[in-house]
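Take a look at the letters that make up each chain.
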Amino acid sequence: MAPQGANNARRFSKASASAISWLWRQLSRWPLARLWRIASALGPLVYRFNKRERWVTDRNLAVVYPDLSIAERKTLGQHSLRHSTATMLELGHAWMAEPNKVETSILAVHGRDKLDNARTEGRGVIVLAPHFGNWEVLNFWLSSHFPFTAMYEPPKITALDPVIRHGRERMGASLVPTNPRGVAALLKALKRSEAIGILPDQEPDWGSGVFAPFFGREAYTATLLPKLVARTQARVVTGVALRIPGQGFEIHFLDADERVYSDDDVQSATGVNASVEAAINLAPAQYQWEYKRYRKVAQEQQNLANFRDYRLY
């Protein structure tokens, strides 16, 4: 018999999932202009009252843009959290709105030829999709136009898993687990000259990455990419859905930094981070700066007793 606490936790999880799903459903019916107005009102409040988000955002921006004044970084941080708020409000749009409505909200696609040409050559395409703009809209477009596979990790609120999974798979995307079985599925998709998606800016577990510069500071970066490239000769591009506030999105596919094709893990990871930097430079405020990208430090990997002194967070 399950403990009472466990039963209560499951009931709370289901209730939370139902409420969140209902909210996404309601928001999916609203125009993007209204969602942007709400995000514009809530963003400054998030920056002011959510100490954790503000602190991490400010720490990251101080590293990445040291030449900006404190006032300029504060303004950039406020704009960033406004865009992050908009992304959360737009999840219903990406996952639940009528497909024609989502497709219509994509105002332009730049660089599609990079994907088409690779497939014509019989090569798969690895899309590096950083947390920029609205990456769920990017997933929608990719899975609408190409056979598309991406790794997926279930959410912390387990009752939301079927909602999110259905939203991401509804246009034909194939979601695979973040384990060796998932990697094998990615390899098979690339060998079929299909497209796959990788999140290049998530910090991997120890043993699955190397340290490489990201805006001048070492960041622990996954080494999955060179393994996939070496075994498939796939083309690598960076993909983002740039938000045009209140109007829609523009999809951009950019050539990845050439170093991503190196068989040296550090060089490849450096190329991955440079590719993410190039995407961020399109509109720095649209990047998710509240993520602790520099959480791990080399001193911890070296088992130094004072490694905490080197941490940014």
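Up top is the structure these notes are about.
Every value quoted in this text rests on a predicted model; they were computed, and no experiment measured them.

Q: Teacher, can you tell me more about the sheet that holds strand β8 (residues 235-244) here?
A: Hydrogen bonds between backbone groups are what pair the strands of a sheet, and the pairing can be parallel or antiparallel. Read across the open sheet, the seven strands follow the order β1-β9-β8-β2-β5-β3-β4; overall the sheet is mixed. Here the strands that pair on one side only, and so sit at the sheet edges, are β1 (106-110) and β4 (174-177). Averaged over all adjacent pairs, the angle separating strand axes in this sheet is 25 degrees, with direction ignored. Bridge analysis of β1 against strand β9 (residues 248-255) gives four bridges, and the strand direction is parallel. Opposite Val109, over in β9, you have Ile251 as the bridge partner. Relative to the sheet, helix α7 (residues 112-120) contacts β1, β2 (125-128), β8 and β9, its axis offset from that of β9 by approximately 50 degrees.

Q: Is there a simple way to think about the side chain of Gln286 in this case?
A: Note that Gln286 resides in the loop between α12 (265-280) and α13 (298-301). Residue classification places Gln286 among the buried residues on the basis of a relative accessible area of 7%. A distance of 2.8 Å separates the side chain of Gln286 from the backbone nitrogen of Arg243, its partner in a polar contact. With near-sequence residues (within four places) excluded, Gln286 lies in contact with His83, His131, Phe132, Gly133, Ala241, Leu242 and Arg243.

Q: Is there a simple way to explain helix α11 (residues 224-232) in this structure?
A: The α-helix winds at 3.6 residues per turn, so residues separated by three or four positions along the chain end up facing the same way. All of the buried residues in α11 are Leu225, Pro226, Leu228, Val229 and Thr232. Taken end-on, α11 shows its buried residues confined to a sector of 160 degrees, consistent with a single buried face. Turned more than 90 degrees from where α11 packs its buried face, Ala230 and Arg231 sit exposed. Buried positions along α11 lie against β2, α10 (180-191), β5 (195-198), β8 and α12.

Q: So what exactly am I meant to see when it comes to the pairing of β4 here?
A: Each regular strand shows side chains that alternate between the opposite faces of the sheet. Sheet topology places strand β3 (residues 148-152) next to β4; four bridges connect them, and they run parallel. Its bridge partner lying in β4, Ala150 is registered against Leu175. In this view, the connection linking β3 to its parallel neighbour β4 by way of helix α9 (residues 161-169) has right-handed handedness.

Q: Whenever I open this one, the pattern of salt bridges confuses me. Can you help?
A: Between side chains of opposite charge, a pair can form when the charged atoms approach closely. All told, the structure shown has 13 salt bridges when counted by the stated rule. In this structure, Glu53 and Arg52 form a salt bridge, with 2.9 Å as the shortest nitrogen-oxygen distance. Here Asp255 ties to Lys114 by a salt bridge, and the two come within 3.2 Å at their closest N and O atoms. Taken as a pair, Asp255 in strand β9 and Lys114 in helix α7 lie far apart in primary sequence, 141 residues in all. Judged by relative accessible area, Asp255 falls into the partly exposed class, the value being 45%. On the basis of relative accessible area, Lys114 is assigned to the buried category, the value being 17%.

Q: Looking at this structure, I do not really get the packing of aromatic side chains. What am I missing?
A: Summed over all chains, the structure comprises 13 aromatic pairs. Seen from their ring centres, Trp141 and Phe146 are 5.8 Å apart, and the 55 degrees between their planes marks the pair as tilted. Each of the two residues, Trp141 as well as Phe146, counts as buried. One aromatic cluster in this structure is built from Tyr65, Phe214, Phe215, Tyr287, Trp289 and Tyr294. Over the ring of Trp206 we find Lys296; its NZ or CZ atom is 5.4 Å from the centre of that ring.

Cut-offs applied
- Residues numbered from 1 in each chain as written.
- Predicted model: local features only at pLDDT ≥ 70, side-chain atom pairs only at ≥ 80, totals over all residues.
- Heavy atoms only, no water.
- Pairing = 2+ DSSP bridges.
- Helix = DSSP H or I, 4+ residues; strand = E, 2+ residues; numbered from the N terminus.
- Axes fitted to C-alpha atoms, helices over the stretch in contact; angles between N-to-C directions.
- Contact = heavy atoms within 4.5 Å.
- Buried < 20%, exposed > 50% of the residue type's maximum accessible area, 1.4 Å probe, protein only.
- Polar contact = N/O pair within 3.5 Å; in protein donor to acceptor, adjacent residues only side chain to side chain.
- Arc of directions from axis to C-beta.
- Right-handed = clockwise from strand over helix to strand, strands pointing away.
- Salt bridge = Lys/Arg side-chain N within 4 Å of Asp/Glu carboxyl O.
- Phe/Tyr/Trp six-rings, centres within 6.5 Å; stacked < 30°, edge-to-face > 60°.
- Lys NZ or Arg CZ within 6 Å of the ring centre and 35° of its normal.

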